[in-house]
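# Observations on the three-dimensional arrangement
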Amino acid sequence: MKLHDITKSVVAVAMMAGGLFSATGATPIYLDDTQPLEARVKDALSRMTAAEKVGIIHAQSKFSSPGVQRLGIPGIWCTDGPHGIRPDVLWDEWEQAGATNDSCVAFPALTCLAATWNPDMALLYGKSIGEEARYRNKNVLLGPGVNIYRTPLNGRNFEYMGEDPYLAGRMVVPYVKGVQENGVAACVKHYALNNQEQDRDHVNVLVDDRTLHEIYLPGFKAAITEGDAWAIMPGYNKYDGDHACENQVLLLDILKGDWGFDGVAISDWGAVHNTEKVARNGLDMEFGSWTNGLNWGASNAYDDYYLAKPYLKLLEEGKLPMEDLDDKAARVLRLIMRTEMNRNRPYGSLNSDEHYAAARRIGGEGIVLLKNKKGLLPVPENVNKILVVGENAIKMMTVGGGSSSLKVQRETLPLDGIKNYAKERGIEVVYERGYVGDVTGEYNGVKTGQNLEDSRSPKELISDAIKAAKDADMVIFVGGLNKSDHQDAEGTDRKEYNLPYGQDEVIEALANANPNTVVVNLTGNAYAMPWKDKVAAIVQGWYIGSEAGNAIADVLFGVVNPSGKLPMTFAKDLKDYAPHAAGDSAVYPGVNGDVHYKEGLDVGYRYTDKLKPGNVNYAFGHGLSYTDFKLGKASVTADDMAAGGNITITVPVSNIGKMKGAEVVQAYVHDMESSVYRPMKELKAFDKVEVAPGMTVNANLTLGKDSFAFYNPDTKQWTVEPGKFEILIGTSSDRILQKVPLTINESYTWKDSE
Ligand code: BGC
């Protein structure tokens, strides 16, 4: 007998002794992956004791949960998410495990992904990050995030997909699918209404039902009902008095009821507060209790978790129903079988050339050219000397910001990306700091190793930059926010809408010294631009990760023609965002723990559409190209909506410039007669088309009956009222080029559960 045959029979004997095999020695159903998933789950569950079931629904370390050793069922490993695979931390600590095989490719932040307005990029992203997770043997990727961009002060907006529920929904679905193709679960977060970091662990959101369903839930709904996400993360905050993890409405009624979710609701780290409530109200797994999810925690408290011994005790005393435990354990088993026990999943890959290429491509497609006066960009041929100014040109941005912090294999800095191209073209590059912001470079023990100290005073820094600016043909300022507290970081919100560290002054001084000043800002949020009219070009660069410098330089030097579009409104002032309009603390950041979403549906452009145009610097959907496009007349074909048919609008897009480029044609619905308030327009379809110079390509915009519906809180039904609508077609929310009138003759109503 060969060695592996001996091993096999030893295992078989052991399993028979434990009663797993039938008398004939056949493989038990739960281990047989030719059997249907549900049969396997049921079989495994039927073999488990109550203690074993409780055992698999809570953590055993910072990021893992146990399986059932007696049955050979493995546990699961989770990882952050959502921009790269987090380095391994110690078993029970937030500090680094010190592994040498856990560096990764950092992909662009989700705001950048959303700015591509290209679902194919979301699929590529999901597939690539899923491969990295799989290679590192992680089963659950803690991401993506789809919380709506309600206020530009939210420190965590960089991890989300912007202000529009339709855009977020379209982008999240392929991300989830791409991840899960690898046998890795996507865990969509932070469900729901986690729209600020200030007081995040206890803030109680009060929002009307219509706004909840029309603005804050659609991204999650799409991830679950269309993306089939295998996991979701209820957040820290409360909704209507109850924490998200113990919220019957969010978890039982909507998620598991209306949307038919069959996956696992995994608590945010430390978001559970009460055994009975979480046990009854639909939470399936508990992680990170008695930690803040960031940097502290009780050690080895796992047996005392709310869903550990205290839960078992209440079950054994008959105070809580066993059916709820069975449901939770079945869901966790389903997750294990979809991931770790799926023998057919691919092996994944880490730090591959393909992943770097994907990161660079997504980054390049997400960068948004906001302004380009007299076509200063791409960098003209006659430029001999470029001055680069700004801390973000030389600062690693992948370390910091909270749980999304990474340990990268490499990160190209903007200054280096620019230098690479400049060298090829014989351009001299000089660098000036301009300002000093955050010189730290460490998160949970991962160090950038950069020394960013500079002893010059702000005055000296500016005067040195001005001197150099006068001597250059062109100035590229690279600034923005960073990943330190009160910037773009988990756990805190921003304190001001303006850029920090006196950058406004630096930019203004540079623009005065050199008319060819380009501003490139790396942020996850919008910000004030008092210098907007003084600079020649503005580029919104986001956080791009490992390939930041290359992707930015690709755009600046015209190797990539920008095609990104803003996924959020860049308003002029903070008060131009509805939650800040009245300066009412009850609306933001909350009073006595409550925050009232009094603005209702008026989030982002839904609010600024009511203001004078001057209140917006750059509108939702805005983004320029190095070429010019002309939209032809839209043609409409309509199938019978009552029979589930769609309306398709075809718009010819001609490239009338000299460079290949891509345009995003956007369709907004305007309801002209309605019994309820409707925002002036709402995005309901978009299509990104690539067009060669002199060519025309059709953009196809598909609208279904849900494109015209509002949520009626009284009947809990989506409702389309008959009447006149207009489809507004344009290339940004404030550049509407055509209006297609449309009359709907019948009324339609349906429920999410139908
Ligand atoms: C964050 C989550 C994250 C978790 C695990 C929490 O602090 O809110 O997004 O996935 O920690 O690191």
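Definitions and limits used
Residues numbered from 1 in each chain as written. Predicted model: local features only at pLDDT ≥ 70, side-chain atom pairs only at ≥ 80, totals over all residues. Heavy atoms only, no water. Helix = DSSP H or I, 4+ residues; strand = E, 2+ residues; numbered from the N terminus. Rg over C-alpha atoms; globule rule 2.2 N^0.38 Å. Buried < 20%, exposed > 50% of the residue type's maximum accessible area, 1.4 Å probe, protein only. Contact = heavy atoms within 4.5 Å. Lys, Arg positive; Asp, Glu negative; His and termini not counted. Charge placed at Lys NZ, Arg CZ, Asp CG, Glu CD. Polar contact = N/O pair within 3.5 Å; in protein donor to acceptor, adjacent residues only side chain to side chain. Phe/Tyr/Trp six-rings, centres within 6.5 Å; stacked < 30°, edge-to-face > 60°. Lys NZ or Arg CZ within 6 Å of the ring centre and 35° of its normal. 1 Å grid on protein atoms, 1.4 Å probe; cavity = no way out; pocket = protein on both sides within 12 Å on 5 of 7 lines; lining within 4 Å. Points joined across faces, edges and corners; volume = space filled by probe spheres on them. Nonpolar A, V, L, I, M, F, W, Y, C, P; charged D, E, K, R; others polar. Pairing = 2+ DSSP bridges. Near = heavy atom within 4 Å. Domains from an automatic or database assignment. Buried area = accessible area lost by both parts, 1.4 Å probe. Salt bridge = Lys/Arg side-chain N within 4 Å of Asp/Glu carboxyl O. Core = buried A, V, L, I, M, F, W, Y, C linked by side-chain atoms within 4.5 Å.

Looking now at the overall build of the chain. Scanning the chain for helices and strands turns up 19 helices and 31 strands. Scaling as 2.2 N^0.38, a compact globule of 754 residues should have a C-alpha radius of gyration of about 27 Å, and the chain matches this with 27 Å. Projected onto the principal axes, the alpha-carbon positions of the chain cover approximately 85 × 65 × 55 Å. Within the chain, the proportion of its 754 residues that are buried is 62%. In the chain, the share of contacts with a sequence separation of at least 24, taken over all contacts with a separation of at least 6, comes to 75%. Each charge sign in the chain was given a centre, from 78 positive and 99 negative side chains, and these centres are 3 Å apart.

So, on to the side chain of S61. When you line up the elements, S61 lands in the loop between helix 3 (50-55) and strand 1 (64-65). A distance of 2.7 Å separates the side chain of S61 from the side chain of S64, its partner in a polar contact. If near-sequence neighbours (up to four positions away) are discounted, S61 is found in contact with W77, W91 and Y302.

Moving on, we get to the packing of aromatic side chains. Scanning the entire structure with this criterion turns up 25 aromatic pairs. Centroid distance Y191 to F220: 5.2 Å. Interplanar angle 70°. Geometry classified as edge-to-face. Here the residue Y191 occupies a position in strand 4 (residues 185-191), and F220 occupies one in helix 8 (residues 218-226), the gap between them amounting to 29 residues. Each member of the pair Y191 and F220 is classed as buried. For the pair Y605 and F620, a centre-to-centre distance of 4.7 Å together with 25° between the ring planes defines the contact as stacked. Of this pair, Y605 sits in helix 19 (residues 605-608) while F620 sits in the loop between strand 20 (616-618) and strand 21 (629-631); the two residues are 15 residues apart in sequence, bridging distant segments of the chain. The two residues Y605 and F620 agree in class, both being buried. Aromatic rings pair up to connect W117, Y166, Y605, F620, Y668 and F686 into one cluster. Over the ring of Y356 we find R410, and its NZ or CZ is 3.7 Å from the ring centre.

With that out of the way, let us pick up helix 17 (residues 548-556). Summarising burial for helix 17: 9 of the 9 residues are buried, a large majority. Each element contacted by the buried residues of helix 17 is listed here: helix 13 (353-366), helix 14 (414-424), strand 15 (474-480), strand 16 (517-522) and strand 17 (537-540). At the exit of helix 17 stands G558, carrying a positive phi of roughly 75°.

This paragraph deals with the layout of surface pockets. Approximately 860 Å³ is the volume attributed to the largest pocket. Lining the largest pocket are 33 residues, with R170, K221, E226, D706 and S707 positioned closest to its centre. For the lining of the largest pocket, the secondary-structure elements that each account for two or more residues are helix 6 (165-180), helix 8, strand 25 (682-691) and strand 26 (696-703). In terms of residues, the lining of the largest pocket owes the most to one element, helix 8, which gives 5 residues. Looking at the lining of the largest pocket residue by residue, the class counts come to 11 nonpolar, 8 polar and 14 charged.

This part covers the pairing of strand 10 (residues 368-372). In terms of burial, strand 10 is largely enclosed, as 5 of its 5 residues are buried. Where strand 10 meets strand 17, 4 bridges bridge the pair, whose relative direction is antiparallel. Along strand 17, the bridge assignment pairs V368 with Q540.

Glancing now at the site of the ligand. Around the ligand sit 15 residues in total, of which D80, R156, H190, D268 and E490 are the nearest. The side chain of D268 places a nitrogen or oxygen atom 2.7 Å from an oxygen atom of the ligand. A distance of 2.6 Å is found between an oxygen atom of the ligand and a side-chain nitrogen or oxygen belonging to E490. Among the residues making up the shell around the ligand, the classes are represented as 5 nonpolar, 3 polar and 7 charged.

Moving on: the domain arrangement of the chain. What the domain assignment reports for the chain is domain 1 (1-29), domain 2 (33-338), domain 3 (358-567), domain 4 (569-617) and domain 5 (629-750). Here domain 2 and domain 5 have C-alpha centroids that lie 34 Å from each other. Listed as interface residues are 13 residues of domain 2 and, on the opposing side, 17 residues of domain 5. Among the residues domain 2 hides against domain 5, the three largest losses belong to W117, Y166 and R210. Together they make up 51% of the total. Our count for the contact surface shared by domain 2 and domain 5 stands at 0 salt bridges. One can count 5 residue pairs in polar contact (both at pLDDT 80 or more) joining domain 2 with domain 5. The leading source of residues in the side of domain 2 that touches domain 5 is helix 7 (residues 209-216), at 4 residues. Here the side of domain 2 that touches domain 5 is composed, by residue class, of 4 nonpolar, 3 polar and 6 charged.

Here D164 is to be found in the loop between strand 3 (140-142) and helix 6. For D164 and K612, which are 448 residues apart along the polypeptide, the C-alpha to C-alpha distance reads 21 Å. Not counting residues up to four positions away in its chain, the partners in contact with D164 are I148, P567, Y605, R606, F620 and L683. Reaching out from D164, the side chain makes a polar contact with the side chain of Y605 at a distance of 2.7 Å.

Next up on the list: the environment of N139. Here N139 shows up in the loop between helix 5 (119-135) and strand 3. Sequence separation between N139 and L335 is 196 residues; the distance between their C-alpha atoms is 8.7 Å. Beyond its immediate chain neighbours, meaning those up to four positions away, N139 contacts G75, I76, W77, V184, A185, T339, E340 and R345. Of the polar contacts made by the side chain of N139, one reaches the side chain of E340; its length is 2.6 Å.

The next thing to look at is the nonpolar core. Of all hydrophobic cores here, the largest spans 122 residues; its most connected members are L113, Y191 and W269. For Y191, the residues in contact, after removing those within four places along its chain, are L217, F220, I232, M233, P234, G235, A244, L250, L251, I254, L255 and W259. Counting residues in each nonpolar core, the second largest holds 78 residues, with L369, L370, I476 and I507 among its members.

The pairing of strands in a sheet happens through backbone hydrogen bonds and is either parallel or antiparallel. Pairing is mixed in the open sheet, where 4 strands are placed in the order 8-7-5-19. Strands at the two margins of the open sheet, each flanked by one partner only, are strand 8 (242-243) and strand 19 (594-596). Both strand 5 (residues 204-206) and strand 19 contribute to a ladder of 3 bridges, which runs parallel. Following the sheet pairing, N204 is matched in strand 19 by D594.

Taking strand neighbours across the sheet as the criterion, the 6 strands line up as 1-2-3-4-6-9 in an open arrangement whose pairing is mixed. The strands lining the two open edges of the sheet, one partner per strand, are strand 1 and strand 9 (264-265). Direction of pairing for strand 4 relative to strand 6 (residues 231-234): parallel, over a ladder of 4 bridges. Looking at the pairing, C187 lines up with A231 of strand 6.

Counted residue by residue, strand 2 (residues 76-80) has 4 buried out of 5 residues, so it is predominantly covered. As defined by bridge partners, strand 1 adjoins strand 2 across 2 bridges and the pair is classed as antiparallel. Counted as the bridge partner of S65 is I76 from strand 2. Pairing analysis gives 3 bridges linking strand 2 to strand 3, with the strands arranged parallel. Pairing of C78 across the sheet is with V140, part of strand 3.

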